[in-house]
Amino acid sequence: GRPDSAALMSSADVPPFTLSKPRYDQSTFGGRFKHFLDVTDVRTILVSKEELDAAIALIRDFKEGKPVIATDEELWKAKKIVDASVHPDTGEVIPIPFRMSAFLPMNVGICAGLLIPNASVGTTIFWQWLNQSYNIALNHANRNASNPMSNQQVAVSYASAVGGGCSISGRLIAELEIPLLLTLFCLINK
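Residues numbered from 1 in each chain as written. Predicted model: local features only at pLDDT ≥ 70, side-chain atom pairs only at ≥ 80, totals over all residues. Heavy atoms only, no water.

Participant: How do you make sense of the overall build of the protein when you look at a structure like this?
Facilitator: Per the secondary structure count, the protein includes eight helices and zero strands. In the protein, the order of α-helices and β-strands from amino to carboxyl end is α-α-α-α-α-α-α-α. Going through the 190 residues of the protein one by one, you find that 29% of them count as buried. In the protein, once contacts between residues fewer than 6 apart in sequence are set aside, the share between residues at least 24 apart is 65%. Carbon and sulfur atoms make up 63% of the accessible area of the protein, which amounts to about 12,700 Å² in all. (Helix = DSSP H or I, 4+ residues; strand = E, 2+ residues; numbered from the N terminus. Buried < 20%, exposed > 50% of the residue type's maximum accessible area, 1.4 Å probe, protein only. Contact = heavy atoms within 4.5 Å. Areas by Shrake-Rupley, 256 points an atom, 1.4 Å probe, with all protein chains shown as cover.)

Okay, here's the thing in structure tokens:
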């Protein structure tokens, strides 16, 4: 049968697949925006292990020059799934909560906790700790693995971020009555 006009229009909008450049023109705002939407597309966290494995195999076969039976649209979709789910330096699958596409849904609850009205110092510190811990885990999972950090560097970064966030927010909540928090911050960062 003859393809319908919607199928023809959508296939005309799909550029030829290549691994050497992004799908969208990065010299325009619209292209950069579409690329950002692709990178942070929440639907990529809903992909099953089987779909992820199939996308990885399809991109690997294309990269190795093996014949692939897929349309340009299917190849771009596979690349989107792989780019959102697999660390580019290590080749390891990034745990779902720490993928860039999970940042928004994961932060909805955290931000709600940070905005609790009339929160106690303890509640505020808890949400700051959770926020900083999540951000550090997300950044670590998506780090530049070609420039490794030692466990000590990671621990110092974590303690600094958590200590700074918790002590500043705790201080603001306690109206500058912070000797205990400052003492704990100093002990953590020794």
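Participant: Even after reading the chapter, I still don't get a nonpolar patch on the surface, so can you show me in this structure?
Facilitator: On the surface, Phe29, Phe33, Phe36 and Leu37 cluster together to form a nonpolar patch covering roughly 450 Å² of accessible area. Within the secondary structure, Leu37 sits in helix H2 (residues 29-39). (Patch = residues over 30% accessible without salt bridge, like charges linked within 9 Å, V, L, I, M, F, W, Y side chains within 5 Å. Salt bridge = Lys/Arg side-chain N within 4 Å of Asp/Glu carboxyl O.)

Participant: Help me understand helix H4 (residues 72-85), please; the structure alone is not making it clear to me.
Facilitator: Residues spaced three or four apart along an α-helix point in a common direction, a consequence of the helix completing one turn every 3.6 residues. In this model, H4 (14 residues) spans 20 Å end to end at C-alpha, consistent with the 20 Å of a helix rising 1.5 Å per residue. Among the residues of H4, Leu75, Trp76, Ala78, Lys79, Lys80, Ile81, Val82, Ala84 and Ser85 are the ones counted as buried. Tucked inside the fold, the buried residues of H4 contact H2 and helix H3 (49-63). (Expected span 1.5 Å × (residues − 1).)

Participant: Mind showing me how you'd approach the packing of helix H5 (residues 103-114) against helix H6 (residues 121-141) here?
Facilitator: The geometry of a pair of packed helices is captured by two quantities: the angle between their axes and the separation between those axes. Where H5 contacts H6, the two axes come as close as 9 Å, and the packing angle between them is 160°. Overall, the two elements H5 and H6 adopt an arrangement that is roughly antiparallel. Pair H5 / H6 crosses with left-handed handedness. Contacts between H5 and H6 involve Phe103, Met106, Asn107, Gly109, Ile110, Gly113 and Leu114 from the first element and Trp127, Gln128, Leu130, Asn131, Tyr134, Asn135 and Leu138 from the second. Its residues assigned to classes, the contact of H5 with H6 shows eight nonpolar, six polar and no charged. (Axes fitted to C-alpha atoms, helices over the stretch in contact; angles between N-to-C directions. Parallel < 35°, antiparallel > 145°, perpendicular 65-115°, else oblique. Left-handed = near helix turned anticlockwise from the far one by under 90°. Nonpolar A, V, L, I, M, F, W, Y, C, P; charged D, E, K, R; others polar.)

The values are spatial; any link to function lies outside them.
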